[in-house]
Amino acid sequence: MKRKIACLLACVLLCISFCSCGKQTSPVEDFTYEFEEGTVKITGYTGADREIVVPDTIEERPVTTIGEEAFSGYDLVSIVLPDTLKTIEKDAFYQCTNLKSIEVPDGVTEIGTRAFDKCEEIINVNLPDTLTLLDSAAFYECISLKEITIPKNLTELENALFYGCTSLENIVIPDNIEKIGKKVFYGCENLKSVTMSDTLIEKEKNNFDIFDGCPNVKINGILISEFNTCLLYTSPSPRDTER
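My aim in this report is to walk through the structure given alongside it, one point at a time.

Cut-off values and rules
Residues numbered from 1 in each chain as written. Predicted model: local features only at pLDDT ≥ 70, side-chain atom pairs only at ≥ 80, totals over all residues. Heavy atoms only, no water. Pairing = 2+ DSSP bridges. Helix = DSSP H or I, 4+ residues; strand = E, 2+ residues; numbered from the N terminus. Salt bridge = Lys/Arg side-chain N within 4 Å of Asp/Glu carboxyl O. Buried < 20%, exposed > 50% of the residue type's maximum accessible area, 1.4 Å probe, protein only. Core = buried A, V, L, I, M, F, W, Y, C linked by side-chain atoms within 4.5 Å. Contact = heavy atoms within 4.5 Å.

As a further point, take the pairing of strand S1 (residues 31-36). When a strand is regular, its side chains alternate between the sheet's two faces. Sheet topology note: the S1/strand S2 (residues 39-45) ladder contains six bridges and is antiparallel. Directly across from Phe35, in S2, lies its bridge partner Val40. What sits between S1 and S2 in their antiparallel hairpin is a turn of two residues, with Glu37 showing a positive phi close to 50°.

Attention now goes to the pattern of salt bridges. One pass over the full model with this rule turns up eight salt bridges. A salt bridge links Lys41 to Glu36, with the shortest nitrogen-to-oxygen separation between them at 3.3 Å. By relative accessible area, which is 30% here, Glu36 ends up partly exposed. The partner of Glu89 in a salt bridge is Lys41, with the nearest N and O atoms 3.3 Å apart. Of this pair, Glu89 sits in the loop between strand S7 (87-88) and strand S8 (101-103) while Lys41 sits in strand S2, and the two are 48 residues apart along the sequence. By relative accessible area, which is 22% here, Glu89 ends up partly exposed. Through salt bridges with shared partners, one network takes in Glu34, Glu36, Lys41 and Glu89.

Counting residues in hydrophobic clusters, the biggest one holds 63 residues, and the most contacted among them are Phe71, Phe93, Phe139, Phe162 and Phe185. Listed by contribution, the elements that provide at least two residues to this core are S2, strand S5 (61-66) and helix H2 (198-203). Looking at this core, the element that brings in the most residues is S2, giving three residues. If we ignore the near neighbours within four places in the chain, the residues touching Phe139 are Phe116, Val125, Leu127, Leu134, Leu145, Ile148, Leu161, Phe162, Tyr163 and Cys165.

Here it is in structure tokens:
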């Protein structure tokens, strides 16, 4: 009887180890990495799996960074990032054209330039509110991206951030955004609705080429072609500013 109970407990523990997070952590030996002031930066992947779970720790040190070009061009389908992560460097997942699923965990503060450039199968991304930098072209030509929520601690949408995201349909730009860079939504041809504050509209009224190639987009319910006309007639004339 005791032997049966012991076997049952062993099976339960084995199931927990494999199923508590849905997937088993990928072997440490499948990653290349380097140490940085007591933390670990992942610099590459040498394994054969297309579904990867990055470990929380390596040699008892927390994994805090996915390094530059760490998974660039790799034939990933999904990746689970550790809760210890703080930074995703530039080009980290550049041209992972089959990557369909990624969760950016709470605690990440920076995502670098072109981090997910040409990840053509990603449909939606959840970005944590801990994020303070989402650098230029981070989601450049993510042509399947339909949904994304802009975190509340970002203050700027960097240049070409969603350039060529042809499946993006709706986006809400929260009040915390103070500046929009060049060509942020360029070529988002199916973008239909953008919501943004009147304050931001006033700041960016001379920068509405950010919606070039978005012929049917409405800003706060007004079609872009009409919106530009409205801006023209509501902006003060040189004569008015001289009074």
